[in-house]
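Read off the chains here:
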Amino acid sequence: MKKTDRAISVKGLYKSYQDKSVLTDVNFEVERGTVYSLLGSNGAGKTTTTKMLTTLLRPDVGELRVSGHDVIREPEKVREVISLTGQFASVDESLTGRENLLLIGKLNHIAGPKERADELLAYFNLTDSANRFVSTYSGGMKRKLDIAMSLVNRPEMIFLDEPTTGLDPQSRHSMWKIIRELKDSGVTIFLTTQYLEEAEQLADKIGILDKGSILVEGTARELKNMLPQGVAEFTFADEEDFARACRLVSEFETMETQEENKLTIYTDGTANMLSQLFQKFASNGGGIKEFTQKQPTLEDVFLTLIGEKEGIKNEETC
Ligand SMILES: Nc1ncnc2c1ncn2[C@@H]1O[C@H](COP(=O)(O)OP(=O)(O)OP(=O)(O)O)[C@@H](O)[C@H]1O
Ligand SMILES: [Mg+2]
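Residues numbered from 1 in each chain as written. Chains lettered and ligands numbered in written order. Predicted model: local features only at pLDDT ≥ 70, side-chain atom pairs only at ≥ 80, totals over all residues. Heavy atoms only, no water.

**Details of the site of ligand 1**
Part 1 of the reasoning: The environment of ligand 1 is formed by 15 residues, the closest being N42, K46, T47, T48 and E162.
Part 2 of the reasoning: Contacts to ligand 1 include K46, whose side-chain N or O atom sits 2.7 Å from an oxygen atom.
Part 3 of the reasoning: A distance of 2.7 Å is found between an oxygen atom of ligand 1 and a side-chain nitrogen or oxygen belonging to T47.
Part 4 of the reasoning: Bound to the protein, ligand 1 loses 65% of the 630 Å² it would expose on its own.
Part 5 of the reasoning: The set of elements that each furnish at least two residues to the shell around ligand 1 consists of β2 (20–30) and α1 (46–53).
Part 6 of the reasoning: Sorting elements by how many residues they give to the shell around ligand 1 places α1 first, with three residues.
Part 7 of the reasoning: Of the residues in the shell around ligand 1, the class split is three nonpolar, nine polar and three charged. (Near = heavy atom within 4 Å. Polar contact = N/O pair within 3.5 Å; in protein donor to acceptor, adjacent residues only side chain to side chain. Areas by Shrake-Rupley, 256 points an atom, 1.4 Å probe, with all protein chains shown as cover. Helix = DSSP H or I, 4+ residues; strand = E, 2+ residues; numbered from the N terminus. Nonpolar A, V, L, I, M, F, W, Y, C, P; charged D, E, K, R; others polar.)

**So, the sheet that holds strand β11 (residues 230–236)**
Part 1 of the reasoning: If you trace the four strands from one edge of the open sheet to the other, you get β12-β13-β11-β14, paired in antiparallel fashion. Both edges of this open sheet fall to β12 (254–255) and β14 (288–294), since each of them pairs with a single strand only.
Part 2 of the reasoning: Pairing between β11 and β14: six bridges, direction antiparallel. Each residue of the ladder has a partner; that of V231, found in β14, is K294. (Pairing = 2+ DSSP bridges.)

**A look at the environment of Q229**
Part 1 of the reasoning: For Q229, the location among the structural elements is in the loop between α8 (220–224) and β11.
Part 2 of the reasoning: Look at Q229 and you get partly exposed, because its relative accessible area is 43%.
Part 3 of the reasoning: When the C-alpha positions of Q229 and D268 are compared, they lie 5.1 Å apart, and in sequence the two are 39 residues distant.
Part 4 of the reasoning: Q229 has contacts with T267, D268, G269, K294, Q295 and P296, leaving out every residue within four places of it along the chain. (Buried < 20%, exposed > 50% of the residue type's maximum accessible area, 1.4 Å probe, protein only. Contact = heavy atoms within 4.5 Å.)

**A few points about the pattern of salt bridges**
Part 1 of the reasoning: In the structure shown here, the tally under the stated rule is 19 salt bridges.
Part 2 of the reasoning: The closest approach of N and O atoms between D210 and K211, which form a salt bridge, is 4.0 Å.
Part 3 of the reasoning: On the basis of relative accessible area, D210 is assigned to the buried category, the value being 7%.
Part 4 of the reasoning: Accessibility expressed as a relative area gives 53% for K211, which makes it exposed.
Part 5 of the reasoning: Overlapping salt bridges, with partners in common, bring together R6, E29 and E31 in one network. (Salt bridge = Lys/Arg side-chain N within 4 Å of Asp/Glu carboxyl O.)

**Some remarks on the pairing of strand β9 (residues 205–210)**
Part 1 of the reasoning: Counting buried positions over the six residues of β9 gives five, a clear majority of the element.
Part 2 of the reasoning: Both strand β3 (residues 35–39) and β9 contribute to a ladder of four bridges, which runs parallel. The partner of L38 across the bridge, within β9, is G207.
Part 3 of the reasoning: As paired elements, β9 and strand β10 (residues 213–218) share five bridges and run antiparallel to each other. Considered in β10, the bridge of L209 is made with I214.

None of this, on its own, says anything about what the molecule does.
As structure tokens, this is what we get:
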């Protein structure tokens, strides 16, 4: 198999559970040595996609290749090069951390299972807790051990299904560091997440999975460039000022916000456009309590795209 082959290639993937259709025509590719993040809300089909790529579930229709191997015709070859860390930790709580790693090493017949276990314990900062039962570990420690277990046989590709869901911010950041280091060591990473920030921090490419297909795909920058360059946020002193301001900006593109009396307007990022807005408000009673200007975030992209798809109109803001 040529090393130039894509790490992952998914073409025309369909999957239903009984009569419930979950994926309809999913297509994407992942380059070797990169991080691809599949982003989607609860029930979007992230775990379903991950399970099919890791040979745990059969697609209904579609061609899925992992490291050049067809997941249906050559599942053993696929399993040789990948590892999966599932959405729910698969550590054995009645064993110690070291025993869990040794067990995987022995089951996989790797050379030097003890040395590999010690190496991974040290790498994941778990040496001090290595001989404790996993039932005494924190959620973050269990997640780390879970990933350590998936690295025992040095896979060239790892699948991480929501690796940071439920972790505190500190453990999340330490997980991000580990994922970056894995990527630097040449491993291809397929990562699912519900967190836009996580995809933005880690992924070379992001695919947003919604209603059974990839709604949009690109780098974080490309996705952000789908929106205007600036996002201006005006908070007004009271409802009356807010309502008046809303009437003044009907020709601008605005976005729905949950915060009271806050008007979010997409701009072209220029001072000229901002000054026009300020003048408009000032000459009509003003009432601006707070103003901020920011770059569009992935969350803005996500909300806008999903909103567009569901037919939510921007005019509903005011
Ligand atoms: N074994 C199953 N039988 C029937 N329906 C299922 C099964 N597994 C998943 N589903 C349904 O398929 C859809 C996609 O589920 P999936 O677990 O892939 O979503 P997800 O994106 O991983 O969600 P989450 O973020 O909650 O983990 C959901 O509506 C789910 O209820
Ligand atoms: Mg899931």
